[in-house]
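Geometric and topological summary
Here are the chains, one letter per residue:
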Amino acid sequence: MDKAKEHILARIRQNKNSKRITACEQSIVAGESVYKPIEPDAPTCFKQELDAINGHCELLGSEQEAGKWLSRFIEERGIPYLYCRDVYLAGLLASYGIPVSCNQVDFSAMQAGITGCEFLVARTGSVIMSSALPSGRQMHGYSPVHIVWAYTSQLVNYLDDAYEAIQAKYGNDLPSSITTVTGPSRTADIEKTLVLGAHGPKELQVILIAGAPGTKGNS
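Everything numeric here is computed off the predicted structure, so don't read it as measured data.

For the rest of this paragraph, the subject is the pattern of salt bridges. Summed over the entire model, instances satisfying the criterion amount to four salt bridges. For Lys-47, the salt bridge goes to Asp-51, with nearest N and O atoms at 3.0 Å. Of this pair, Lys-47 and Asp-51 both sit in helix H3 (residues 42-52), four residues apart, which is roughly one turn of the helix. For Lys-169, the salt bridge identified is with Glu-118, shortest N-O distance 2.6 Å. Here Lys-169, found in helix H7 (residues 159-170), pairs with Glu-118, found in the loop between strand E4 (113-115) and strand E5 (119-121); they are 51 residues apart in sequence, far enough to count as distant.

Okay, structure coming up:
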């Protein structure tokens, strides 16, 4: 063995023997949780995390409040229609007077698309999508503005909770694609300058409604 190779191996052995124990490893040894707590509650934690990565979460008390907020949003942005492949969601939005298109002819020209989701991860502000949803694979990757219509009943604390929930929901018939969306599309490959929308939606808006589907409220 040549001297250079022996020198490299000697340094590897030295580093291995003198490896520092990280804070994470110390926590595991001590039996402590390595996860940050969900504070002050799951909806607020999700909103704070998503807002911190250039996304936006609107916390609303009912579907009616969500419909009113969404109507104002598209009016202020001058968005002519929301593209939606989820027939149930499209019907719900139409009942609130929100212009919606499910026509494939309008897909490529859409300014904003709306979908449901599988779950929301409070600790990371992530949205879990899958190919089993009515919106399919394309919507969360193509829409210039991706709007997610979701409920607090879909919140889980951590990413592993989301995967366990997916497993429980689908069993052995898992979707062919499961995607974790954390904020709008971004890259900093060129001169370390952050660019949003480089290879997907430039904007992520999550409408988070208290309760479960059918939360009409009195507003």
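From this point, things continue past the structure.
So, on to the sheet that holds strand E8 (residues 155-156). Taken in spatial order, the four strands of this open sheet run E8-E5-E6-E9, and their pairing is mixed. Lying at the two open borders of the sheet, with one neighbouring strand each, are E8 and strand E9 (178-181). Here E5 runs beside strand E6 (residues 126-130); their pairing, made up of three bridges, is antiparallel. What sits directly across from Leu-120, in E6, is Val-127. Contacting E5, E6, E8 and E9, H7 runs over the sheet at an angle of about 165° to E5.

Cut-offs and rules
- Residues numbered from 1 in each chain as written.
- Predicted model: local features only at pLDDT ≥ 70, side-chain atom pairs only at ≥ 80, totals over all residues.
- Heavy atoms only, no water.
- Salt bridge = Lys/Arg side-chain N within 4 Å of Asp/Glu carboxyl O.
- Helix = DSSP H or I, 4+ residues; strand = E, 2+ residues; numbered from the N terminus.
- Pairing = 2+ DSSP bridges.
- Contact = heavy atoms within 4.5 Å.
- Axes fitted to C-alpha atoms, helices over the stretch in contact; angles between N-to-C directions.

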